[in-house]
Amino acid sequence: MLLNKLEGKVKNNISKSNFFRGVSFLVGGNISSLVFTLAASPILTRLYAPEAFANLAIYISSVALVNVISSLRYELAIPIADNDKDANNLTILSFLINILVTLIVVFFLILFIPLVSLPYYCYFFFPLGILSGGLYKTIRFWAIRNKKFSDIASNRVKQIFLTILIQLLSFKFGGVGLIIGNLFGFIFAGITLTSSLYKLLDFKIVTEKNLLDVAFLYKRFPFYSTFSGLSSTAGLRLPPILFLYFFGPVSTGLYALSDRIMTLPMSLIGSSVAQVFRIHGLDAKKDGNLTKLVKNLHFILAQFSFPIMALVLLTGPDLFELIFGNTWKDAGMIASVLSPWVYLTLITSPLSSLFGINKQEKKSFRFHIVTLIGRLLAIFFGIKSGDFMQTIILF
């Protein structure tokens, strides 16, 4: 039903065989990923305690914050580069910067080992997470430029399946089992997607001069998109870290599960539309149909997400207790509180690439800074109250 509506809305704006096929491939892959995730979640919540989900959330948040800057956002320019020469050099440039950032992280970890007491796995998993995450996001944008949406979709399914399988088999290792699954899922995804697409790269036109040229030509991405991306990601990823410090691992674990489940619709539809829109939005802009396309996509996303969010809002605690077990009833309460925010995020985030399409990175930077300040202030006042649920409501 959703795909039929989406097809009808966009067919008069851009080529149906381009946009709709791309969305169809990615949605199909994400539906399979969603099925695996939902099917495994009730088992994982019975194998792992809330504290384990808190550790996973902290790991994912820490890696995500570094991954925002691990390629200085040059990867965002790959799908919308002016020509294939620039795109090739941007891809290699992103790889090289990501390797350099990973080495810097390793250096700081070694430097601060005597000063901080981190779990042993952090020193090994954290750099690998940054390296594999950076590799994956760069090659994914290269795939988007080449419209290899079927490759992205199938790779995503395999990644999720492997992640869940490892997490299920690693529960005897304790909370670290969830992290092991997440890490090796990304390593597998990055390596397999790269191996299937590297032949499309033309290394003959990648030279030191060309790398420096694209670094300067697309400098607006590290100057503006890096900070806007960092502020946006910080608004999403800092809360688990702050919650762990001020409210403890159990509350953080409950929040982590509710956040994990509530953001699934964004991975199902939102990210699929965003990835295809990132490249086909340029075609719509050239044809003068960008405004119409944005309105239609916004309307369809709202129609899709409202029933899901309404269900969680009204039945969250009972729903989570039934599916995930008695331990997780409070996570359902958190999910009910988060549902309006997730709804608004779902219908707007896929269109965030409008800033890049319209070359308005400065506006994107200002918008995300204001949003981050607002979220941090909300969390600050919630922490001052000492009430975890009130903090979630304010957030």
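The numbers attached to residues start from 1 for each chain and follow its sequence in the written order. Thresholds applied to this predicted model are a pLDDT of at least 70 for local features of residues and 80 or more for the giving and counting of side-chain atom pairs; totals over whole chains, interfaces and linings are not thresholded and use all residues. Side-chain measures were taken over the full set of non-hydrogen atoms in the model, leaving aside hydrogen atoms and water.

Digging into the confidence of the model for the protein chain
Now for step 1: What pLDDT conveys is the predictor's confidence in a given residue, as a value from 0 to 100. Across the protein chain, pLDDT averages 79, with 77% of residues at or above 70.
Now for step 2: Numbered from the N terminus, helices here are DSSP runs of H or I no shorter than four residues, and strands are runs of E no shorter than two. Confidence, read as mean pLDDT per element, is least for helix α1 (residues 2-10) in the protein chain (44) and greatest for helix α8 (residues 208-217) (92).
Now for step 3: For the stretch residues 1-17, pLDDT sits under 50, and the model shows 34 contacts to residues farther than four places along the chain or on other chains. Residues count as neighbours in contact if any of their non-hydrogen atoms are within 4.5 Å of one another.

Looking at the nonpolar core
Where a protein is soluble and globular, its nonpolar side chains tend to be buried together.
Now for step 1: In these notes, a set of buried Ala, Val, Leu, Ile, Met, Phe, Trp, Tyr and Cys residues joined through side-chain atoms within 4.5 Å is what counts as a nonpolar core. For every residue, the accessible area obtained with a 1.4 Å probe (protein chains only) is divided by the maximum for its type, and the residue is called buried under 20%, exposed over 50%, and partly exposed between those limits. Membership of the largest hydrophobic core comes to 82 residues, with the highest contact counts inside it found for F53, L90, Y218 and L257.
Now for step 2: Setting aside residues no more than four positions away along its own chain, L257 makes contact with T45, F53, F320, F324, W328 and A331.

Thoughts on the side chain of R145
Now for step 1: Along the chain, R145 turns up in helix α5 (residues 122-145).
Now for step 2: Think of a polar contact as two N or O atoms within 3.5 Å of one another; within protein, one of them needs to be a possible hydrogen donor and the other a possible acceptor, and neighboring residues in sequence only count if both atoms come from side chains. Within the structure, R145 has its side chain in polar contact with the backbone oxygen of N83 (distance 3.4 Å).

Things to note about a nonpolar patch on the surface
Now for step 1: The patches reported here contain residues having more than 30% relative accessible area and no salt bridge. Joining distances are 9 Å for like charges and 5 Å for nonpolar side chains (Val, Leu, Ile, Met, Phe, Trp, Tyr). Each accessible area is a Shrake-Rupley estimate made with a 1.4 Å probe; only the visible protein chains count as cover when residues are assessed. For this document, the term salt bridge refers to a Lys or Arg side-chain nitrogen within 4 Å of an Asp or Glu carboxyl oxygen. Taken together, the side chains of L100, I104, F107, F108, L111 and F112 define a hydrophobic patch exposed on the protein surface, amounting to about 570 Å² of accessible area.
Now for step 2: Secondary-structure assignment places I104 in helix α4 (residues 84-112).
Now for step 3: Overall, I104 belongs to the partly exposed group, its relative accessible area being 41%.

Overview of the packing of helix α9 (residues 220-247) against helix α10 (residues 249-262)
In helix packing, the relevant descriptors are the interaxial angle and the interaxial distance, both defined with respect to the helix axes.
Now for step 1: Contact pair α9 / α10: the axes reach a minimum separation of 7 Å and the direction vectors enclose 150°. Taken as axis vectors, α9 and α10 run roughly antiparallel relative to one another. Contact residues: α9 offers P239, P240, F243, L244 and F247, while α10 offers P249, S251, T252 and Y255.
Now for step 2: Ten residue types, Ala, Val, Leu, Ile, Met, Phe, Trp, Tyr, Cys and Pro, are classed as nonpolar, four, Asp, Glu, Lys and Arg, as charged, and the remainder, Gly among them, as polar. Looking at side-chain class alone, the contact of α9 with α10 contains 7 nonpolar, 2 polar and no charged residues. All axes are obtained by fitting lines to C-alpha atoms, using only the stretch in contact for helices, and the reported angles, taken between N-to-C directions, cover 0 to 180 degrees. Convention used here: angles under 35 degrees read as roughly parallel, angles over 145 as roughly antiparallel, angles from 65 to 115 as roughly perpendicular, and any remaining angle as oblique.

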